[in-house]
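A structural walkthrough
Below are the chains, spelled out letter by letter.
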Amino acid sequence: MSDSQRVVVVTGGSRGIGRTVALKFAEESARIVLVHYDPDESASDETVKMLRETGVEVVSYKTDVSSTEDVKALIKEVIGSLGKIDVLINNAGITRDTLLMRMSERDWDMVISVNLKSVYNCTQAVLRQMIKQKYGRIVNISSIAGMIGNPGQANYSASKAGIIGFTKSVAREVGSRNVTINAVAPGFIETEMTADLPESVKESYLTNIPLGRAGTPHDVSEAVYWLCSEGASYLTGQTINVNGGMFM
Ligand SMILES: NC(=O)c1ccc[n+]([C@@H]2O[C@H](COP(=O)([O-])OP(=O)(O)OC[C@H]3O[C@@H](n4cnc5c(N)ncnc54)[C@H](O)[C@@H]3O)[C@@H](O)[C@H]2O)c1
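Conventions we followed
- Residues numbered from 1 in each chain as written.
- Predicted model: local features only at pLDDT ≥ 70, side-chain atom pairs only at ≥ 80, totals over all residues.
- Heavy atoms only, no water.
- Helix = DSSP H or I, 4+ residues; strand = E, 2+ residues; numbered from the N terminus.
- Rg over C-alpha atoms; globule rule 2.2 N^0.38 Å.
- Buried < 20%, exposed > 50% of the residue type's maximum accessible area, 1.4 Å probe, protein only.
- Contact = heavy atoms within 4.5 Å.
- Near = heavy atom within 4 Å.
- Polar contact = N/O pair within 3.5 Å; in protein donor to acceptor, adjacent residues only side chain to side chain.
- Areas by Shrake-Rupley, 256 points an atom, 1.4 Å probe, with all protein chains shown as cover.
- Nonpolar A, V, L, I, M, F, W, Y, C, P; charged D, E, K, R; others polar.
- Right-handed = clockwise from strand over helix to strand, strands pointing away.
- Pairing = 2+ DSSP bridges.
- Axes fitted to C-alpha atoms, helices over the stretch in contact; angles between N-to-C directions.
- Salt bridge = Lys/Arg side-chain N within 4 Å of Asp/Glu carboxyl O.

When helices and strands are tallied, the protein shows 9 helices and 7 strands. Relative to the globule expectation of 18 Å for 248 residues, the C-alpha radius of gyration of the protein, 17 Å, shows essentially globular dimensions. Overall size of the protein, expressed as C-alpha extent along the three principal axes, is 50 × 40 × 35 Å. Out of the 248 residues in the protein, the part that is buried amounts to 51%. Partitioning the contacts of the protein with sequence separation of at least 6, the portion at a separation of at least 24 is 75%.

Here it is, written out as structure tokens:
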């Protein structure tokens, strides 16, 4: 273990896009902290195994990122044991899709808390450390739904559009401290989140994608990783659309 190895926290890291992002960071032998809130540890255990096979140091926590107190405690523990946090990927997210006419207060609050409040929780918890070490890279996972809207996703779209405003404001606050914060807005990506969509919906998405295919977690992780690389050190407050041209 070397101090030059970056410490990378990936929320929602047990599967899907988060897992692939963690595997991408493993290529530079970063030290990786996964956060998830799955009912069981099976996906997380599998991701930990995949990461350990690459030789990296990894630790996984089951923590609800919508809980301000739990996130504070988690980040304190990570800094206590690993000494720093260089990169934060705010990727945890959920959907509770239904038309607004039928959307319960619970479904609204739940999606805003897990998708948006979590970004406040995790970013605020790591900022002091990043400012102290004069280095930080934060990437927030938004969505095409936050850019153009989607019927049945008023809660989700609001949370993902909120992330973009949050990203721009915080970028202005911390840019002078060499902390960058950007967003990635994926389009239609094949993961567990989209697996249950009706075939008709998937087909209609595909007809609107100029590149003619659904995205993969790999397509997203490449953009996320690049935003945390030296080559992207002059970008902050930006949102990169990774959507096959679905929205330009
Ligand atoms: N899949 C897509 O098409 C797509 C498109 C645009 C944006 N996104 C966004 O990308 C991100 C990852 O999506 P995915 O498709 O990999 O999802 P997924 O359902 O495969 O994985 C979600 C992850 O978030 C974690 N999570 C959920 N609630 C949590 C909580 N309260 N606390 C901590 N962790 C929690 C889960 O444990 C899991 O690790 C999400 O923010 C999602 O909104 C996905």
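There's plenty left to go through after this.
Residues in contact with the ligand amount to 30 residues; listed here are only the nearest, Ser14, Asp38, Asn91, Tyr156 and Thr191. A distance of 3.3 Å is found between a nitrogen atom of the ligand and a backbone nitrogen or oxygen belonging to Thr63. At 3.0 Å, a backbone N or O of Val65 approaches a nitrogen atom of the ligand. In isolation the ligand offers 830 Å² of accessible surface; the protein chains occlude 95% of this area. Broken down by class, the residue content of the shell around the ligand amounts to 12 nonpolar, 13 polar and 5 charged.

Two faces belong to every sheet, and in a regular strand the side chains alternate between them. Most of strand 5 (residues 136–141) is tucked away, with 6 of its 6 residues classed as buried. In this fold, the crossover linking strand 4 (residues 87–90) to strand 5 by way of helix 4 (residues 105–132) has right-handed handedness. Pairing of strand 5 with strand 6 (residues 179–186), which is carried by 6 bridges, proceeds in the parallel orientation. Bridge pairing in strand 6 places Val139 opposite Asn182.

Taken in spatial order, the 7 strands of this open sheet run 3-2-1-4-5-6-7, and their pairing is parallel. A strand with exactly one partner marks an edge of an open sheet, and here the two such strands are strand 3 (58–62) and strand 7 (239–242). Across the sheet, the mean angle from the axis of one strand to that of its neighbour is 15°, orientation sign disregarded. Across the sheet, helix 6 (residues 154–174) touches strand 5, strand 6 and strand 7, and the angle it forms with strand 6 is around 160°.

This part is about the environment of Val179. For Val179, the position within the fold is in strand 6. Distance from Val179 to Gly136, taken between C-alpha atoms, is 4.3 Å for residues 43 residues apart in sequence. Apart from the residues within four sequence positions on either side, Val179 is in contact with Leu127, Met130, Ile131, Tyr135, Gly136, Arg137, Ile138, Val174 and Thr236.

A few words on the pattern of salt bridges. All told, the structure shown has 11 salt bridges when counted by the stated rule. With a shortest N-O distance of 2.7 Å, Asp38 and Arg15 are connected by a salt bridge. One end of the pair, Asp38, is in the loop between strand 2 (31–36) and helix 2 (42–53); the other, Arg15, is in the loop between strand 1 (7–11) and helix 1 (16–26), and 23 residues separate them in sequence. Since its relative accessible area comes to 32%, Arg15 is described here as partly exposed. The shortest N-O distance in the salt bridge between Arg15 and Glu192 comes to 3.4 Å. Taken as a pair, Arg15 in the loop between strand 1 and helix 1 and Glu192 in helix 7 (residues 192–195) lie far apart in primary sequence, 177 residues in all. What emerges from the salt-bridge pattern is a single network uniting Arg15, Asp38 and Glu192.

Residue placement: Asn140 occurs in strand 5. Looking at Asn140, the relative accessible area reads 0%, which means it is buried. Within the local environment of Asn140, its side chain forms a polar contact with the side chain of Thr167, the two groups lying 3.0 Å apart. Those residues in contact with Asn140, other than ones at most four positions away along the chain, are Asn90, Val119, Thr123, Ile163, Phe166, Thr167, Ile181, Asn182, Ala183 and Val184.

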